[in-house]
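# Examination of the molecular architecture
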Amino acid sequence: MSDVVTLSVSDRIATVTIDSAPVNAADYPVRAGLQKAFTDLAARTDFDAVLVICAGRTFMAGADIGEFDTGIKAPHHQDLFNLVESCAKPVVAALHGTALGAGTELAMACHYRIADKGARIGLPELSLGIIPGAGGTQRAPRLIGLDAAMDLVLSGKPLPAPKALELGLVDEIAAGDLNAAALAFAKKLVAEGKGVRRTCDMTPKDADKAAEIVAARQAQVAKTMKNRTSPVKALEAMAATTSLSFKEGLKLEADISKQLEHAVEARAMRHLFFADREVRKIPGITKDIKARPIRKVGIIGAGTMGGGIAMCFANIGVPVTIIDVSDENLQRGLGVIRKNYERSVSRGSLSQEQLESRMGLLSASTDYAALKDADLAIEAVFEKMELKKDIFAKLDAVLPAGAILGTNTSTLDIDEIANTTKRPADVIGLHFFSPANVMPLLEIVQGKQTAMDVLLTALDMAKLIKKTGVVSKVCYGFIGNRMMDPYGREAERMVQEGATPAEVDGALEEWGMAMGILAVYDMAGVEVGENTRIANPHMVPKDPSFYRCSTLLVANKWLGQKVGRGYYRYEGGKRASCPEVIEMMHAEGKRLNVPSRKPGKQEILDRCLFSMINEGAKLLEEGIALRASDIDVVYTAGYGYPRYRGGPMFYADTIGLKVIYDKIVEFQKTLDPQYWTPAPLLEKLAKSGSTFAQWDASNRK
Ligand code: T1G
């Protein structure tokens, strides 16, 4: 027997135990061990039932995702799970932690399933650009019905055990110890003479409604998962359960899996799976460095950002004290937080009791002395350096030694702020994205003097509050906003040249951006960018046409969604083109002698996406971003960049850096040389036929 899969028989119950940290992924050793165990069992008669259990923190959490790039050796998942299902005696899977992907498929190939009450069971393969490839598309519909199976696969969200029980995905929820309950369940099966119950022999209970179910799900995919292949193919494979035999359906599933595994969509999403975890690996944070405790948090500023950040900590049970200059501000801020929680209660994602316990963790004061026992304070006030310096001086005076001083600034110089304190090593940037209690991205901005244990604490904190923390060094706009600058500039410029906001945003949204950049400005407030440029005149080129569109909108107080008009008009939550604004911008372009032209969709994409990539290359060579894959995480987690494109730098690699470089050189001639100078790193990689991925690999410490 392998050391990751063991087989034992006691009291005529066989137990197959998988023990392969960290998540019992179905890598080759696990698959080979499982194959050996069930091959041995096929030749034995000294048992009446089989338990399949996993050691460690979770039941099998899927195939080994890394194997897709290195090659998957036999035994292949489908064949292996068919072997499990063919067992002549009843096989019971005991599920705990997160049974995902191949883990759920293994469980469905077993004859019965018992789950720990906290277990979650899912088929998240679409998040990797593939479909369940270990029999899941054929067994899930047979077990829980076609529509429920399609919902499970399309959502990718793991089901809590009670819901899985309700759907028939599990047969019982363990009252106490899972393994003991599973053993009792198996013994009861034997005592009651209940034999095998093979999923492959079942028929989807809603097979008679297949046509309408499939049509509805196809419409859902067309609307919410555009530009993607895997969701469409997943529906095709699952629909086959009502027309093909189990064996034919498995063949279809295998053929589709083969087609998808190395397509760009799957490679992009696999890249992000690992990139999302790579961000936590920071050179210089060695094993001996320990994170500081975070037992109490102070938030300075009871506005939208401060309130959202406070919720992040209250959500994980950490007490928060909110500081502001007046009780009126504090009460308003607490009121907004309560409203946010009440919305979650009305949606059913939070109980009233949870609401009250979270609100109970929030206290408010106008006196900084209330922070005398805080381990972390995060300033989230207006973007004005003098104001922030004043706040940091107050924090420096009251916070206990060892406390961490964080600033939520999105553009100002962390080092300048740090130097106003006596403890610059304890100062760090924690750039949340609005709404802070929702958006997953957190830019962790490492100042020149930020201590390594402070950086580690911030990374651990990000995981605790369920954020994707990405480390950036200090520059104007850090990673995300620095790259958004040229992206937005090109969008605005094309409107001055003669395009309309709807044409620019439409091309970007058709390509896959969640929202076009001009609509983003309307959502965030057109004045935000304008105020930042006013506060940082040194950052704005002398070119008078630069960002003139938003300047004009701000001058007219057309600040975007909140006032009903900006680049667009907003009626009933819908955005519509605004002829008056378009005319005003085209006239301004003419007044400033911006050459009139009508960029087509491809030019819109190239100018917006390649300007972003060029800036990303500069961030890498300046050492602001540690990895190209970190930039991909920033853009997919915080800027609505489609995950199935892998992020700006991955996308660049799929286009080819030479193509991008040549296009930028062309723009340098035909557009504006001050904006279209190829980043030296991009030029170097393009000319050497290299990729950003190779740059990352060569720089991995
Ligand atoms: N394969 C390889 N490595 C994995 C892995 C997997 N499936 N899951 C986790 N890891 C690594 C991860 O990279 C990290 O490594 C460490 O384990 C801890 O993970 C045939 C084709 C289970 C909810 O999509 O969702 O089955 O960074 O930091 O926050 O149909 O891991 O420490 O070196 O995420 O506690 C489907 C993916 C695969 C589940 C735990 N399964 N994993 O979260 O820990 S495709 C998935 C997760 C498939 C079949 C198809 C999470 C988790 P390192 P972590 P966590």
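Keep in mind that what you see is a predicted model, and the values were worked out from it rather than measured.

### Description of the side chain of Asp632
The topology assignment puts Asp632 in helix α26 (residues 628–638). Classification of Asp632 as buried rests on a relative accessible area of 1%. Setting aside residues up to four positions removed in sequence, Asp632 forms contacts with His271, Leu272, Gly646, Gly647, Pro648, Met649 and Phe650.

### What about the sheet that holds strand β7 (residues 120–122)?
To summarise the sheet geometry, strands pair through backbone hydrogen bonds and adopt either a parallel or an antiparallel arrangement. The three strands lie next to each other as β5-β7-β8, forming an open sheet whose pairing is mixed. With one partner strand each, in any of the chains shown, β5 (98–100) and β8 (159–160) form the two edges of the open sheet. Of the strand pairs in this sheet, β7 and β8 are connected by two bridges, and their pairing is antiparallel. Bridge assignment links Ile121 to a residue of β8, and that residue is Leu159. The strands touched by helix α4 (residues 102–109) within the sheet are β5 and β7, with β5 carrying the most contacts at an inclination of about 85 degrees.

### Observations concerning the UniProt feature "domain: 3-hydroxyacyl-CoA dehydrogenase C-terminal" (unreviewed entry) in the chain
Under the UniProt annotation, the feature "domain: 3-hydroxyacyl-CoA dehydrogenase C-terminal" (unreviewed entry) is placed at residues 477–570 and 604–689. End C-alpha to end C-alpha, residues 477–570 measures 29 Å, and it is 59% helix and 3% strand. Spanning residues 604–689, this segment combines 70% helix with 0% strand, and its end C-alpha atoms are found 26 Å apart.

### Examining the site of the ligand
In the vicinity of the ligand, 26 residues are found, and the nearest of them are Arg57, Ala63, Glu105, Gly133 and Lys463. Here a nitrogen atom of the ligand sits 3.0 Å away from a polar atom, N or O, in the main chain of Ala61. Relative to its free-state accessible area of 990 Å², the ligand is covered by the protein chains to the extent of 77%. Every element with two or more residues in the shell around the ligand is listed here: β5, α4 and α12 (264–278). Considered class by class, the residues forming the shell around the ligand number 14 nonpolar, four polar and eight charged.

### Focus on the side chain of Arg292
Its location among the elements puts Arg292 in the loop between α12 and β10 (297–300). Overall, Arg292 belongs to the buried group, its relative accessible area being 18%. From its side chain, Arg292 meets the backbone oxygen of Gly402 in a polar contact 2.9 Å long. Reaching out from Arg292, the side chain makes a polar contact with the side chain of Asp453 at a distance of 2.8 Å. Not counting the four nearest positions on each side in its chain, Arg292 is found in contact with Gly402, Ala403, Ile404, Asp426, Ala451, Asp453, Val454 and Thr457.

### Thoughts on the packing of aromatic side chains
Under the criterion given, the structure shown has ten aromatic pairs. Centre to centre, the rings of Phe273 and Phe274 are 5.0 Å apart; their planes meet at 85 degrees, and the pair counts as edge-to-face. We classify Phe273 as partly exposed; its relative accessible area is 23%. Centre to centre, the rings of Phe433 and Tyr639 are 5.4 Å apart; their planes meet at 75 degrees, and the pair counts as edge-to-face. Here Phe433 is found in the loop between β15 (427–432) and β16 (441–445), whereas its partner Tyr639 is found in the loop between α26 and α27 (648–655), with 206 residues between them in sequence. The rings of Phe433, Trp511, Tyr635, Tyr639, Tyr641 and Tyr651 are connected pair by pair, giving a single aromatic cluster. Between the NZ or CZ atom of Arg277 and the centre of the ring of Phe273, over which it lies, the distance is 3.7 Å. Stacked on the ring of Trp558, the Lys or Arg Arg565 has its end atom at 3.9 Å from the ring centre.

### Let's talk about helix α14 (residues 327–347)
Counted at 1.5 Å a residue, the expected span for α14 with its 21 residues is 30 Å, and the 30 Å between its end C-alpha atoms agrees. Every buried residue of α14 is listed here: Asn329, Leu330, Gly333, Leu334, Ile337, Asn340, Tyr341 and Ser344. Mapping the buried residues of α14 onto a view down its axis gives an arc of 130 degrees, with all of them on the same face. Summarising the geometry of α14, the exposed residues directed more than 90 degrees from the buried face are Asp327, Glu328, Gln331, Lys339 and Ser346. If you follow the buried residues of α14, they end up packed against α13 (304–314), β11 (320–323), α15 (352–360) and β12 (362–365). Of the residues one or two after α14, Gly348 is the one with positive phi, at around 85 degrees.

Conventions used here
- Residues numbered from 1 in each chain as written.
- Predicted model: local features only at pLDDT ≥ 70, side-chain atom pairs only at ≥ 80, totals over all residues.
- Heavy atoms only, no water.
- Helix = DSSP H or I, 4+ residues; strand = E, 2+ residues; numbered from the N terminus.
- Buried < 20%, exposed > 50% of the residue type's maximum accessible area, 1.4 Å probe, protein only.
- Contact = heavy atoms within 4.5 Å.
- Pairing = 2+ DSSP bridges.
- Axes fitted to C-alpha atoms, helices over the stretch in contact; angles between N-to-C directions.
- UniProt positions renumbered as here; feature names shortened; annotations may be inferred.
- Near = heavy atom within 4 Å.
- Polar contact = N/O pair within 3.5 Å; in protein donor to acceptor, adjacent residues only side chain to side chain.
- Areas by Shrake-Rupley, 256 points an atom, 1.4 Å probe, with all protein chains shown as cover.
- Nonpolar A, V, L, I, M, F, W, Y, C, P; charged D, E, K, R; others polar.
- Phe/Tyr/Trp six-rings, centres within 6.5 Å; stacked < 30°, edge-to-face > 60°.
- Lys NZ or Arg CZ within 6 Å of the ring centre and 35° of its normal.
- Expected span 1.5 Å × (residues − 1).
- Arc of directions from axis to C-beta.

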